[in-house]
2 protein chains.
Amino acid sequence: MELILDKNKKREHLYLEVFHYYRELIMEKKLPPGSRMPSLRKCSQELKLSRTTIENAYLQLAAEGYIISKAQSGYYVTDIADRQHTSVRKTEKHAQTPCRFDFASSGVDRESFRFDLWRRYIKSALRQDERLLSYGEPQGEADLRDTLADYVRERRNVLCSGEDIVIGAGIQSLLHILCPLLDQRRTVSFPNSSFVQGSTVFHDYGFQVDYRNKDCDIIYVSPAHMTKWGDIMPVSRRLELVNYSAAHGSLVIEDDFENEFVYLQKPTPSLFGLAGGQNVVYLGTFSRLLLPSIRISFMVLPPELSALYRKKADQYNQTASKAEQIALCQFIRDGHLAAQTRKLKRLYSVKLKALRSAVREVFGKDSQIQTGAAGTSLALTLSTTLTWQELQKKAQTNGLRLQLLREAPGKITLILSCSSMPVADFVPACKLLKNISQIQN
Amino acid sequence: MELILDKNKKREHLYLEVFHYYRELIMEKKLPPGSRMPSLRKCSQELKLSRTTIENAYLQLAAEGYIISKAQSGYYVTDIADRQHTSVRKTEKHAQTPCRFDFASSGVDRESFRFDLWRRYIKSALRQDERLLSYGEPQGEADLRDTLADYVRERRNVLCSGEDIVIGAGIQSLLHILCPLLDQRRTVSFPNSSFVQGSTVFHDYGFQVDYRNKDCDIIYVSPAHMTKWGDIMPVSRRLELVNYSAAHGSLVIEDDFENEFVYLQKPTPSLFGLAGGQNVVYLGTFSRLLLPSIRISFMVLPPELSALYRKKADQYNQTASKAEQIALCQFIRDGHLAAQTRKLKRLYSVKLKALRSAVREVFGKDSQIQTGAAGTSLALTLSTTLTWQELQKKAQTNGLRLQLLREAPGKITLILSCSSMPVADFVPACKLLKNISQIQN
């Protein structure tokens, strides 16, 4: 094998030819592993090329693992030709027991989602070739924003126009746009430490994150999801919060997560509505109503922030899929979101009751249950000699997924979610949980 | 009012004419709120147009809220004409002349994208009900990450595993995760001020943003897109940069934007490869290869950052659509991305040459053209007595979209993109540009 060079080519190419030449020699083991490469000087003389060209070729060979440089000694061929068949490590697949019963899921009930219908809307959206050939509007598609404005006005008394709405792929994407607009403010309060995704973004932007501190510059709340077992904020507290924050000039961020699943009373009014649209940012998402894998959330900005945002709008790209935005817009307009919400609310209300019965039946008086007015979960406190780590390990081995709320000596409190588990599994899943929690370690 | 159609126009326009025709009837209440639209069949007979054309027009009317579909019954006019003057302002529709020639688009060539194929992959992804019922992996779907690792190893010498890859909805979503990992570093250098979306994120996180300053802690570069007219970074400069940054402990962020469209020489090696995967973050995106509306980008993290990221991975939600990730994974595995890349590269190379010829033909010696080795644009400097604002206004009135590079007394330099404009429009578009630039104000 010989290196034949076309000297008329531009200089950038030469080094690549040298590179390819040596790569072949190495892979065919004509230059075997461990052998020393010719020195730069010698090689440059032999091939009648500049030292720089040779050096570039060697650097590239080194970069791709064909040779390795040893200080004060030169370059040596690696064992890459031998390693040829051991591929670069693949992403680890955890060899776990498959999950039989999932109490920790925040997915949707598999029977509840009309895949056929959603597919039809996506298909129709994908037919709008012209629209899909361009980038989306940074703020989100205008027709979806208008539709969302109608939606939150009707359902949550949030009075706004499509101009005040920003669409994004999930709450975090929206907070990434919101936080830089709030640079006059330095402290933020969350109700507790459980919404890590939210507090992380504020922390990343240098905000001081605190909990239950109403004197912060920003108050982040989820009024329909105050606890993991579905406590909601009563109207009196909502009014108090709105008035207090207005008096103290603090901004409320209202994450209206799961407001659709408030069962035991009429849906409570939104903070945004109670505050007359002043000093409240409203956040909404469709993850619990449609598919969690559809990443579309939105925020409604109060007037000053809306004006501020529009000045910067072009600096941020839209994150949500345009096809999914087009599909969702038509899906809402045709009334399917409202229908899906009614259906899920009924379904989860029934399932949550069934889960409570199953827990009572299986655990009897050994258990302490906490339930709220909303959501898809309850809290169960177990008496057990196991630690959480021990219990979790046993659960994994038995194909049971659990979610810890808190641990105390002799007691473990779990959050049991009914959302994606079929009702028929409630009793067997509870029995399995009881069994493993009573085994001595 | 009667619909008079110019049958010689391209089919894309016909449905828009039907759309405008009905919109006017609706807004003037000649079709009053609540009235039923003619059936597709009847309308298609009357107007002597295909059902598809009518259906597209109706879908557009529905998308903009003029009509609404009722199941098994047809389309009905909404009360949009009444709501016209009600208080809630709708998202402003800029009453502009429709764009005839778009020199500013970064969309893809409409002929180049196989919608039918992509639709098939999305359809197939949407059939994976089980997978879509849960949230996606925060880091991105594992199979797509493994596929991307193979892809960048083969095409860009980027040696990594799927574990080092993070997927996100666009480069900004990735920078929102990357920046907080870099909190030891305070300064970042961009090649120029044109990538506002990138510098904004760093600025939002409190980094000091500078330009062409190689002594910054972070160097952000797009080696295949150094200028808007397609200059690329030569290999010698790449090596210099990699060596300098390694010696000074700075991190290089390599945004490999448009590396697929390097025509005039072999694709140059990636900085990530040249540096042996140390101290370089590699960013890739599919916006220019597939549809800009598909929001999937990825970053390859070097070992230390990859380890750091995995500790925080659960704090960030995935932003890219799961269905689109599943579709893209299979699309790449079946070789369609490689085929699409080859096709686009050929196409854009030919189109760019054609655009250059058209500019020379129309502007002759009055023009100064700059072209590079890559990309889909050229720079054209015009002698004109107009200011940019005046020229832009005239262009808008005439349905021409322009993009300014820089302005000097008596001279305006524009960036003309060939990517989404059909070749047949090049000469007429240039002629129009010449005409409006020569009119005295």
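Parameters at a glance
- Residues numbered from 1 in each chain as written.
- Chains lettered and ligands numbered in written order.
- Predicted model: local features only at pLDDT ≥ 70, side-chain atom pairs only at ≥ 80, totals over all residues.
- Heavy atoms only, no water.
- Helix = DSSP H or I, 4+ residues; strand = E, 2+ residues; numbered from the N terminus.
- Rg over C-alpha atoms; globule rule 2.2 N^0.38 Å.
- Lys, Arg positive; Asp, Glu negative; His and termini not counted.
- Charge placed at Lys NZ, Arg CZ, Asp CG, Glu CD.
- Contact = heavy atoms within 4.5 Å.
- Buried area = accessible area lost by both parts, 1.4 Å probe.
- Polar contact = N/O pair within 3.5 Å; in protein donor to acceptor, adjacent residues only side chain to side chain.
- Nonpolar A, V, L, I, M, F, W, Y, C, P; charged D, E, K, R; others polar.
- pLDDT = per-residue confidence, 0-100.
- Phe/Tyr/Trp six-rings, centres within 6.5 Å; stacked < 30°, edge-to-face > 60°.
- Lys NZ or Arg CZ within 6 Å of the ring centre and 35° of its normal.
- Core = buried A, V, L, I, M, F, W, Y, C linked by side-chain atoms within 4.5 Å.
- Buried < 20%, exposed > 50% of the residue type's maximum accessible area, 1.4 Å probe, protein only.
- Pairing = 2+ DSSP bridges.
- Axes fitted to C-alpha atoms, helices over the stretch in contact; angles between N-to-C directions.
- Disulfide = S-S within 2.5 Å.
- Patch = residues over 30% accessible without salt bridge, like charges linked within 9 Å, V, L, I, M, F, W, Y side chains within 5 Å.
- Areas by Shrake-Rupley, 256 points an atom, 1.4 Å probe, with all protein chains shown as cover.
- Salt bridge = Lys/Arg side-chain N within 4 Å of Asp/Glu carboxyl O.
- Right-handed = clockwise from strand over helix to strand, strands pointing away.
- Parallel < 35°, antiparallel > 145°, perpendicular 65-115°, else oblique.
- Left-handed = near helix turned anticlockwise from the far one by under 90°.
- Arc of directions from axis to C-beta.
- Domains from an automatic or database assignment.

1. Considering the overall build of chain A
Scanning chain A for helices and strands turns up 16 helices and 15 strands. Taken over C-alpha atoms, the radius of gyration comes to 30 Å for chain A, far larger than the 22 Å a tight globule of 441 residues would show. Considering only C-alpha atoms, chain A reaches an extent of 85 × 60 × 45 Å along its principal axes. For chain A, the distance from the average site of its 60 positive side-chain charges to the average site of its 47 negative ones is 5 Å.

2. A closer look at the interface of chain A and chain B
Residue-level contacts link 79 residues of chain A with 83 residues of chain B. Across the chain A/chain B interface, buried area totals approximately 7,100 Å², and carbon plus sulfur atoms make up 51% of it. If you look at where chain A meets chain B, you find 24 residue pairs in polar contact (both at pLDDT 80 or more). The class makeup of the residues in the side of chain A that touches chain B is 24 nonpolar, 23 polar and 32 charged.

3. Considering the confidence of the model for chain A
Averaged over every residue, the pLDDT of chain A is 86; the share at 70 or more is 91%. The low-confidence segment residues 85–95 of chain A, where pLDDT is below 50, has 15 contacts with residues more than four positions distant or belonging to other chains.

4. As for the packing of aromatic side chains
A full pass over the atoms with the stated rule returns 30 aromatic pairs over all chains. Where Tyr22 of chain A meets Tyr58 of chain A, the ring centres are 6.0 Å apart and the plane angle is 85°; that geometry is what we call edge-to-face. Of this pair, Tyr22 of chain A sits in helix H1 (residues 11–27) while Tyr58 of chain A sits in helix H3 (residues 51–63), placing them 36 residues apart in sequence. Grouped by ring-pair contacts, the aromatic residues Phe190, Phe195, Phe202, Phe207 and Tyr220 of chain A constitute a single cluster. Its guanidinium or amino end placed over the ring of Phe207 of chain B, Arg186 of chain B lies 4.9 Å from that ring's centre, counting from NZ or CZ. In this arrangement the basic side chain of Lys214 of chain B is found over the ring face of Tyr244 of chain B, its NZ or CZ atom lying 4.3 Å from the centre.

5. Some details on the nonpolar core
If you look at soluble globular proteins, the nonpolar side chains tend to sit buried side by side. Counting residues in hydrophobic clusters, the biggest one holds 189 residues, and the most contacted among them are Tyr22, Tyr58 and Phe286 of chain A together with Phe286 of chain B. Excluding residues within four positions of it along the chain, Tyr22 of chain A makes contact with Leu31, Met37, Pro38, Cys43, Tyr58 and Leu61 of chain A. The next biggest cluster of nonpolar side chains, apart from the first, holds 54 residues, and it includes Leu174 of chain A together with Leu182, Leu251 and Tyr309 of chain B.

6. Examining the sheet that holds strand S10 (residues 297–300) of chain B
Residue and element names in this part refer to chain B. Pairing within the open sheet is mixed, and its seven strands lie in the order S4-S10-S9-S8-S7-S5-S6. In this open sheet, the two edge strands, each paired with only one partner strand, are strand S4 (165–168) and strand S6 (208–211). When the angles between neighbouring strand axes are averaged without regard to direction, this sheet yields 20°. Bridge count for strand S7 (residues 218–221) against strand S8 (residues 251–255) is four bridges, and the pairing is parallel.

7. Quick word on the sheet that holds strand S12 (residues 377–383) of chain B
Residues and elements named next belong to chain B. Ordered by their spatial adjacency, four strands build an open sheet running S11-S12-S15-S14, and the pairing between neighbours is antiparallel. Looking at the sheet topology across the chains shown, the edges are occupied by strand S11 (367–370) and strand S14 (404–408). Put simply, the sheet's adjacent strands are angled 20° from each other on average, direction ignored. Bridge analysis of S14 against strand S15 (residues 411–417) gives four bridges, and the strand direction is antiparallel. What sits directly across from Ala408, in S15, is Lys411. Helix-sheet contacts for helix H14 (residues 336–363) involve S11, S12 and S15, and the interaxial angle to S12 is about 10°.

8. A word on the state of the cysteines
One pass over the full model with this rule turns up zero disulfides over all chains. Cysteine Cys430 of chain A is unpaired, with the sulfur of Cys418 of chain A as its nearest cysteine sulfur at 11 Å. Between Cys160 of chain B, a free cysteine, and Cys329 of chain B, which holds the nearest cysteine sulfur, the sulfur-to-sulfur gap is 14 Å.

9. Examining a positive patch on the surface
Taken together, the side chains of Arg36, Arg41, Lys42 and Arg51 of chain A define a basic patch exposed on the protein surface. Looking at Arg51 of chain A, the relative accessible area reads 48%, which means it is partly exposed.

10. Focus: the pairing of strand S8 (residues 251–255) of chain A
Residue and element names in this part refer to chain A. Most of S8 is tucked away, with five of its five residues classed as buried. Burial of the side chains of S8 extends over both faces: Leu251, Ile253 and Asp255 are buried on one face and Val252 and Glu254 on the other. For the crossover that starts at strand S7 (residues 218–221), traverses helix H10 (residues 235–248) and ends in the parallel S8, the hand is right-handed. Note that S8 and strand S9 (residues 280–285) share four bridges and pair parallel. Opposite Asp255, over in S9, you have Leu283 as the bridge partner.

11. Regarding the packing of helix H8 (residues 171–181) of chain B against helix H9 (residues 196–204) of chain B
Residues and elements named next belong to chain B. Two elements in contact, H8 and H9, have axes whose closest approach is 10 Å; the angle formed by their N-to-C orientations is 25°. Taken together, the axis directions place H8 and H9 in an arrangement best described as roughly parallel. Here H8 runs over H9; the crossing is right-handed. Together, Gln172, Leu175, His176 and Cys179 of H8 and Gln197, Gly198, Val201 and Phe202 of H9 make up the contact between the two elements. Across the contact of H8 with H9, the residue classes break down as four nonpolar, four polar and no charged.

12. Regarding helix H2 (residues 40–47) of chain B
All names here are of chain B. Restricting attention to buried positions, one finds in H2 the residues Leu40, Cys43, Ser44 and Leu47. For H2, the angular spread of the buried residues around the axis is 100°, confining them to a single face. The first or second residue beyond H2 is Lys48, which carries a positive phi of 55°.

13. Points about the domain arrangement of chain A
One frequently used descriptor of interface size is the decrease in accessible area upon assembly of the parts. All names here are of chain A. Per the domain assignment, the segments making up chain A are domain 1 (11–83), domain 2 (101–108 + 344–438) and domain 3 (115–339). One C-alpha centre belongs to domain 2, the other to domain 3; they are set 30 Å apart. Taken together, the contact between domain 2 and domain 3 spans 22 residues of the former and 18 residues of the latter. Carbon and sulfur atoms make up 60% of the surface buried where domain 2 meets domain 3, a total of about 1,700 Å² over both sides. For the domain 2 face of the interface with domain 3, the top three residues by lost area are Lys345, Ala373 and Ala374, together amounting to 32%. Counting the contacts that link domain 2 with domain 3 gives zero salt bridges. Here domain 2 and domain 3 share five residue pairs in polar contact (both at pLDDT 80 or more) between them.

14. Section: the packing of helix H14 (residues 336–363) of chain A against helix H16 (residues 426–438) of chain A
Any two packed helices are characterised by how steeply their axes cross, that is the angle between the axes, and by the distance between the axes. Residue and element names in this part refer to chain A. Following both chains from N to C, one finds H14 and H16 inclined at 40°, their axes separated by 9 Å at the closest point. Relative to H16, the element H14 lies oblique. Judged by the sense of rotation from one axis to the other, the crossing of H14 with H16 is right-handed. Taking contact as the criterion, the partners of Lys351, Ala354, Leu355, Ala358, Val359, Glu361, Val362 and Phe363 in H14 are, on H16, Phe426, Val427, Cys430, Lys431, Leu433 and Lys434. Residues belonging to the contact of H14 with H16 are distributed by class as follows: ten nonpolar, no polar and four charged.

15. Examining helix H12 (residues 303–312) of chain A
Burial in H12 of chain A covers these residues: Leu305, Ser306, Tyr309 and Lys312 of chain A. End-on view of H12 of chain A: buried residues confined to an arc of 125°, all on one side of the axis. Looking at the buried positions of H12 of chain A, the neighbouring elements they touch are strand S4 (165–168), helix H8 (171–178), S8 and S9 of chain A together with H9 of chain B.

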